[in-house]
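Summary of the model geometry
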Amino acid sequence: RRECAALRQVSRLPHPPPELETGSPEKIEQLRHGIGAVLRVQQQVRSEKRLQDSEDRLSLITQATTDGIWEWEPARPHQFRYSSRFKSLLGYDQFDQLPLSRRFWLRRILAQDRAGLLRACRDHLQRRTALNASFRMRNKSGQLRWYRVLGQATWNARGEPIQLAGSISDVDAEKSAHEILVS
């Protein structure tokens with residue numbers, strides 16, 4: 001339809017291309033295909049611009065927060081992705097090459113806290129409860145610190161989780177202050 005509309009617009013030009021004046025069906029078909037190609041390229045450019053704008057907004061948001069961002073696809077258990085801020089919260093710098101596996105991060109979590117985090121994730125994915133869990137994890141230097149994750153999944157039409165994403169915060173100072181108040 002867009003190609004036909006574009007062809008009609010071209011035919012209304014003060015000086016339409018000679019191919020339209022001759023009425024040659026082959027020439028008109030070539031012109032129609034050419035217009036279609038131009039429209040597809042324009043659509044692609046617009047799509048790439050929207051994608052770049054979206055990526056720029058996400059980058060600005062992640063730079064503005066003190067939280068790290070993470071993403072995991074249950075169908076791909078070894079495709080755990082995280083922001084550079086996520087890494088820095090754990091003492092790593094942007095040049096540290098870290099595994100993309102969820103297992104790498106789970107092993108760093110204190111064993112007695114790991115079960116609670118996994119239960120919270122499972123409950124969120126299966127029963128759609130809120131994902132909000134605190135746990136102790138070893139940072140790059142081996143020091144145990146308190147962290148909190150918040151997350152949200154998306155599900156397909158069959159109710160299967162397809163993506164889980166969220167944030168991680170260093171809450172060690174809050175936990176230490178709470179322990180001082182309680183004791």
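Report follows, based on the coordinates.

About the cut-offs
- Residues numbered from 1 in each chain as written.
- Predicted model: local features only at pLDDT ≥ 70, side-chain atom pairs only at ≥ 80, totals over all residues.
- Heavy atoms only, no water.
- Helix = DSSP H or I, 4+ residues; strand = E, 2+ residues; numbered from the N terminus.
- Buried < 20%, exposed > 50% of the residue type's maximum accessible area, 1.4 Å probe, protein only.
- Contact = heavy atoms within 4.5 Å.
- Areas by Shrake-Rupley, 256 points an atom, 1.4 Å probe, with all protein chains shown as cover.
- Core = buried A, V, L, I, M, F, W, Y, C linked by side-chain atoms within 4.5 Å.
- Salt bridge = Lys/Arg side-chain N within 4 Å of Asp/Glu carboxyl O.
- Pairing = 2+ DSSP bridges.
- Axes fitted to C-alpha atoms, helices over the stretch in contact; angles between N-to-C directions.
- Phe/Tyr/Trp six-rings, centres within 6.5 Å; stacked < 30°, edge-to-face > 60°.
- Lys NZ or Arg CZ within 6 Å of the ring centre and 35° of its normal.

A tally of regular secondary structure across the protein gives seven helices and five strands. Starting at the N terminus, the α and β elements of the protein follow one another as α-α-α-β-β-α-α-α-β-β-β-α. Within the span of the protein, comprising 183 residues, buried residues form 30% of the whole. Once local pairs closer than 6 in sequence are excluded, the contacts in the protein between residues at least 24 apart make up 41%. Summed over its atoms, the accessible surface of the protein is roughly 12,400 Å², and 54% of this surface lies on carbon and sulfur atoms.

Moving on, we get to the nonpolar core. The biggest cluster of nonpolar side chains holds 27 residues, and the ones touching the most others in it are Trp70, Phe86, Trp105, Leu117, Phe135, Met137 and Ile168. At the level of secondary structure, the elements contributing two or more residues to this core comprise β1 (68-73), β2 (76-82), α4 (84-89), α5 (102-108), α6 (111-127), β3 (131-138), β4 (144-155) and β5 (161-170). In this structure Phe135 touches Ile109, Asp113, Leu117, Arg145, Trp146, Tyr147, Val149 and Ile168, once residues within four positions along its chain are discounted.

Moving on: the pattern of salt bridges. A pair can form between side chains of opposite charge whenever their charged atoms are brought close. All told, the structure shown has nine salt bridges when counted by the stated rule. When the shortest N-O distance is used, the salt bridge between Arg81 and Glu73 registers 2.6 Å. Taking relative accessible area as the criterion, Glu73 reaches 18% and is therefore assigned buried. Salt-bridge contacts for Asp96 lead to Lys140; the nearest nitrogen and oxygen are separated by 3.2 Å. Pair noted here: Asp96 is in the loop between α4 and α5 and Lys140 is in the loop between β3 and β4, with a separation of 44 residues, a long-range link. Residue classification places Asp96 among the buried residues on the basis of a relative accessible area of 19%. Through salt bridges with shared partners, a single ionic network connects Glu71, Glu73, Arg76 and Arg81.

Here we take up the sheet that holds β1. Within a beta sheet, neighbouring strands are joined by backbone hydrogen bonds and run either parallel or antiparallel to one another. Across the sheet, which stays open at both edges, the five strands sit in the order β2-β1-β5-β4-β3 with antiparallel pairing between neighbours. The strands lining the two open edges of the sheet, one partner per strand, are β2 and β3. Each strand of the sheet is rotated relative to its neighbour by a mean of 25°, with strand direction disregarded. Docked against the sheet, α6 engages β1, β3, β4 and β5, running at close to 155° with respect to β3. Strands β3, β4 and β5 of the sheet are contacted by helix α7 (residues 172-182), whose axis makes an angle of about 120° with β4.

Each aromatic ring pair is characterised by the separation of its centres together with the angle its planes make. Applying the stated rule across the entire model yields nine aromatic pairs. For the ring pair Phe86 and Trp105, a centre distance of 5.0 Å and an interplane angle of 80° mean the geometry is edge-to-face. Separated by 19 residues along the polypeptide, Phe86 in helix α4 and Trp105 in helix α5 bring together distant segments of the chain. Lying over the aromatic face of Trp155, Arg128 brings its terminal NZ or CZ to 4.0 Å of the ring centre. Here the guanidinium or amino end of Lys175 rests over the ring plane of Trp146, the centre of that ring lying 4.5 Å away.

Before going further, it helps to spend a moment on the pairing of β1. Here β1 runs beside β5; their pairing, made up of five bridges, is antiparallel. Its bridge partner being in β5, Trp72 is matched across the sheet by Leu164. Where β1 lies against β2, three bridges are found, and the strand directions are antiparallel. Looking at the pairing, Glu73 lines up with Arg76 of β2. Hairpin geometry of β1 and β2 is characterised by an intervening segment of two residues between the two adjacent antiparallel strands.

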